[in-house]
Amino acid sequence: MARILDGKEVAQRIYENLKQSLANARSLPKIVLYCDQPDAATRSYMKSIISRGKKLCIEVEMLQASNSVENDVRSLNESDDVAGVMIMHPFKDTDEMTALSLLKHEKDLEGRTASSLGAVVNGEWLFAPPTAEAVMEVIDYYEIPVAGKDVVIVGRSTTVGKPLAMMLLKKGIDATVTVCHSRTGELDKKTSRADVLVCAVGRANFVRSTMVKPGANVIDVGINFEQGKIVGDARFDEVEKVAGSITPVPGGIGSITTAILFRHYGTSLKLMEARG
Ligand SMILES: NC(=O)c1ccc[n+]([C@@H]2O[C@H](COP(=O)([O-])OP(=O)(O)OC[C@H]3O[C@@H](n4cnc5c(N)ncnc54)[C@H](OP(=O)(O)O)[C@@H]3O)[C@@H](O)[C@H]2O)c1
């Protein structure tokens, strides 16, 4: 049976560290959830961020986009009352690109701007995409060896697979990374070589035990809904019998991702205070 890598425990450590740094802060400027036409899933996500903010005494405000995204983002950038901004999906494509091109790197809690992503490529990130950072956090917390190991990531999105590959390739972290996607040939062969297998596909129970090397560490990023239940990308009941360790869904990467968002808030706050 695989060791269960509890994401809540990892998140707890992040929140404890954050609480200490917030206790020393001069003030707690707010987080803005900048939205256009949020759907039910986004509304529920926003509620969870607001509720976590309350626990940390951080105000989280929803802001509806006006007819000038440029003006909105410029004033968010300039406001000392705002420490961080999240641009919520779904957002009209062109407006989203405009918002991302204008948003200050220091307020980019989700690591989505070109500067944030460029820093990830350079190996010197402050604000990496939180889900990719959550995977790195679980690796660090549970001391999963990656240096010189084969890490296979299934999924090449800009929020997970691509930034995670860059982070794992950083000198000093030194993983050998394979990134797979929907056009990858012989996927099973590639995943079966992995010492660490990261699943970020978005398909329930996609990764079966036959795709996993015995003893491998499986990090399941997927959040899928099946018959009213949340399940990951890995077929948990099968894979846990083969893997050396596995993150559960729920209670794995998702819990850490939200904690990382708030850690980014703490970083943003420090940058604001340093500027005076
Ligand atoms: N835990 C968290 O906090 C968190 C945060 C974000 C996302 N998620 C979850 O993580 C999952 C992935 O999210 P995402 O935003 O990265 O999704 P995405 O943008 O839809 O990307 C999915 C990736 O999976 C690849 N893929 C799809 N079918 C495949 C197949 N048959 N074989 C191999 N690769 C395949 C796609 O390949 P192509 O590029 O070729 O299409 C794509 O690269 C989703 O379940 C999402 O809900 C969780």
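Residues numbered from 1 in each chain as written. Predicted model: local features only at pLDDT ≥ 70, side-chain atom pairs only at ≥ 80, totals over all residues. Heavy atoms only, no water.

## Considerations on the state of the cysteines
So, point 1. With the rule as written, the count across this model stands at zero disulfides.
So, point 2. Free of any disulfide, Cys180 has its nearest neighbouring cysteine sulfur in Cys199, separated by 11 Å. (Disulfide = S-S within 2.5 Å.)

## Brief notes about the packing of aromatic side chains
How two aromatic rings sit relative to each other is set out by the distance from centre to centre and by the angle between their planes.
So, point 1. Scanning the entire structure with this criterion turns up two aromatic pairs.
So, point 2. Look at Tyr34 and Phe91: their rings are 5.3 Å apart centre to centre, the planes differ by 40 degrees, and that puts the pair in the tilted class. With Tyr34 in strand β2 (residues 30–35) and Phe91 in the loop between β4 (82–87) and α4 (93–102), the pair connects residues that are 57 residues apart, well separated along the chain. Here the two residues Tyr34 and Phe91 agree in accessibility, since each one is buried.
So, point 3. Measuring from centroid to centroid gives 4.9 Å for Tyr141 and Tyr142, while their planes differ by 75 degrees, and the two rings are edge-to-face.
So, point 4. Residue class for Tyr141 comes out partly exposed when judged on its relative accessible area of 24%.
So, point 5. Positioned above the aromatic ring of Tyr15 is the side chain of Arg52, whose terminal nitrogen or guanidinium carbon lies 4.1 Å from the ring centre.
So, point 6. Sitting above the plane of the Trp125 ring, Lys170 keeps its charged end 5.2 Å from the centroid. (Phe/Tyr/Trp six-rings, centres within 6.5 Å; stacked < 30°, edge-to-face > 60°. Helix = DSSP H or I, 4+ residues; strand = E, 2+ residues; numbered from the N terminus. Buried < 20%, exposed > 50% of the residue type's maximum accessible area, 1.4 Å probe, protein only. Lys NZ or Arg CZ within 6 Å of the ring centre and 35° of its normal.)

## What about helix α6 (residues 130–141)?
So, point 1. Along its 12 residues, α6 runs 16 Å from first to last C-alpha, staying within 8% of the 16 Å computed at 1.5 Å per residue.
So, point 2. α6 sits mainly inside the fold: 10 of its 12 residues count as buried.
So, point 3. Those residues of α6 not exposed but buried are Pro130, Thr131, Ala132, Glu133, Ala134, Val135, Met136, Glu137, Val138 and Ile139.
So, point 4. Summarising the contacts, the buried residues of α6 are in contact with α1 (7–23), α7 (161–169), β7 (196–199), β8 (217–220) and α10 (253–275).
So, point 5. Where α6 ends, the next residue or the one after it, Glu143, has phi of about 50 degrees, a positive value. (Expected span 1.5 Å × (residues − 1). Contact = heavy atoms within 4.5 Å.)

## Describing the packing of α1 against α6
So, point 1. Two elements in contact, α1 and α6, have axes separated by 10 Å at closest approach and are oriented at 95 degrees. When the axes of α1 and α6 are compared, the pair comes out roughly perpendicular. Residues Glu9, Val10, Arg13 and Ile14 of α1 form the contact with α6, whose participating residues are Glu137, Val138, Asp140 and Tyr141.
So, point 2. Partitioned by chemical class, the residues of the contact of α1 with α6 number four nonpolar, no polar and four charged. (Axes fitted to C-alpha atoms, helices over the stretch in contact; angles between N-to-C directions. Parallel < 35°, antiparallel > 145°, perpendicular 65-115°, else oblique. Nonpolar A, V, L, I, M, F, W, Y, C, P; charged D, E, K, R; others polar.)

## Thoughts on a nonpolar patch on the surface
So, point 1. A cluster of nonpolar side chains, Val121, Met166 and Leu169, forms an exposed patch at the surface whose accessible area comes to about 260 Å².
So, point 2. Position of Met166 among the secondary structure elements: in helix α7.
So, point 3. Residue Met166 is classed as partly exposed on the basis of its relative accessible area, which comes to 32%. (Patch = residues over 30% accessible without salt bridge, like charges linked within 9 Å, V, L, I, M, F, W, Y side chains within 5 Å. Areas by Shrake-Rupley, 256 points an atom, 1.4 Å probe, with all protein chains shown as cover. Salt bridge = Lys/Arg side-chain N within 4 Å of Asp/Glu carboxyl O.)

## Here we look at the site of the ligand
So, point 1. Contacts to the ligand come from 22 residues, most closely from Arg156, Ser157, Ser182, Ile223 and Thr257.
So, point 2. Considering the ligand on its own, with 910 Å² of exposed area, one finds that the protein chains cover 69% of that surface.
So, point 3. Of the residues forming the shell around the ligand, the biggest block, three residues, is contributed by α10.
So, point 4. Residue composition of the shell around the ligand, by class: nine nonpolar, 11 polar and two charged. (Near = heavy atom within 4 Å.)

## As for the domain arrangement of the chain
So, point 1. Assigned domains of the chain: these are domain 1 (28–106) and domain 2 (130–254).
So, point 2. Distance between the C-alpha centres of domain 1 and domain 2: 29 Å. (Domains from an automatic or database assignment.)

## A look at the packing of α6 against α7
So, point 1. In contact at an axis separation of 8 Å, α6 and α7 are set at 40 degrees when each is read in the N-to-C sense. By the angle between their axes, α6 is oblique relative to α7. The chirality of how α6 crosses α7 is right-handed. On α7, the residues touching Ala132, Glu133, Val135, Met136 and Ile139 of α6 are Pro163, Leu164, Met167 and Leu168.
So, point 2. By residue class, the composition of the contact of α6 with α7 is eight nonpolar, no polar and one charged. (Left-handed = near helix turned anticlockwise from the far one by under 90°.)

## Brief notes about the pattern of salt bridges
So, point 1. The tally for this structure, following the rule as stated, stands at 12 salt bridges.
So, point 2. The residue Glu137 makes a salt bridge to Arg13 at a minimum N-O spacing of 3.4 Å. On the criterion of sequence distance, the pair formed by Glu137 in helix α6 and Arg13 in helix α1 is long-range, its members being 124 residues apart.
So, point 3. What makes Arg13 partly exposed here is its relative accessible area of 33%.

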